[in-house]
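# Reading the structure
These are the residues of each chain, in order.
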Amino acid sequence: MSSEHMQIGEVATRTELSLRTIRHYEDTGLVIPSARSQGGFRLYTESDVARLMVIRRMKPLGFTLDEMRALLEATDRLDTGEERPREEHEELLDRIRGFEQAAQQRVEDLRTQLARAEEFAATLAERLTRAPAP
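Residues numbered from 1 in each chain as written. Predicted model: local features only at pLDDT ≥ 70, side-chain atom pairs only at ≥ 80, totals over all residues. Heavy atoms only, no water.

## Brief notes about the overall build of the chain
Secondary structure assignment for the chain yields 5 helices and 3 strands. At 21 Å, the chain has a C-alpha radius of gyration far larger than the 14 Å of a compact globule built from 134 residues. Overall, the chain is about 70 × 45 × 25 Å in size when its C-alpha atoms are taken along their principal axes. The buried share of the chain, reckoned over its 134 residues, is 25%. A separation threshold of at least 6 residues defines the contact pool for the chain, and within that pool the share at least 24 residues apart is 50%. For the chain, the accessible surface area stands at approximately 9400 Å², while carbon and sulfur atoms represent 52% of it. Across the chain, the centroid of the 20 positively charged side chains sits 6 Å from that of the 25 negatively charged ones. (Helix = DSSP H or I, 4+ residues; strand = E, 2+ residues; numbered from the N terminus. Rg over C-alpha atoms; globule rule 2.2 N^0.38 Å. Buried < 20%, exposed > 50% of the residue type's maximum accessible area, 1.4 Å probe, protein only. Contact = heavy atoms within 4.5 Å. Areas by Shrake-Rupley, 256 points an atom, 1.4 Å probe, with all protein chains shown as cover. Lys, Arg positive; Asp, Glu negative; His and termini not counted. Charge placed at Lys NZ, Arg CZ, Asp CG, Glu CD.)

As structure tokens, then:
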């Protein structure tokens, strides 16, 4: 195995994803190991780890597997460095901008939910301090 390849266990540690989750993302086509060892073990590169990190960051924001796939396809196409018509290039950038806007909105929604949860926890703590002693 070359030094630039990692086995799935190391990738799981680095991404903080379970082996099962990484295999699931492989089964759904979101990430494909860059190589296989002679023994058939999945081998990953830094690029594969970066891809898994994008997926990991999208998941808590509620993006679906199809949405993850759409974003990754757009970024993959931009990252090839191929010459493409300006219109197509702009369409890919617009797609990514749409995801960025959706992510910002979802982050704001999560902040609101967190504030409400903190408020609730504080209310309970206050209630406990006012509870009469037995």
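## Observations concerning the pattern of salt bridges
Applying the stated criterion across every chain, the model contains 13 salt bridges. Between glutamate 26 and arginine 36 there is a salt bridge; the shortest N-O distance is 3.2 Å. Here glutamate 26, found in helix H2 (residues 19-27), pairs with arginine 36, found in strand S2 (residues 35-36); they are 10 residues apart in sequence, far enough to count as distant. On the basis of relative accessibility, which here comes to 14%, the residue glutamate 26 falls in the buried class. Each of the salt bridges in this network shares a partner with another, and the network as a whole consists of Glu26, Arg36 and Arg42. (Salt bridge = Lys/Arg side-chain N within 4 Å of Asp/Glu carboxyl O.)

## What about helix H3 (residues 46-58)?
Taking 1.5 Å of rise per residue, 13 residues should cover 18 Å, and H3 covers 19 Å from first to last C-alpha, within 8% of that figure. Burial in H3 covers these residues: Asp48, Val49, Leu52, Met53, Ile55 and Met58. As for H3, its buried residues are in contact with strand S1 (6-7), helix H1 (8-15), H2, strand S3 (42-44), helix H4 (65-79) and helix H5 (86-130). (Expected span 1.5 Å × (residues − 1).)

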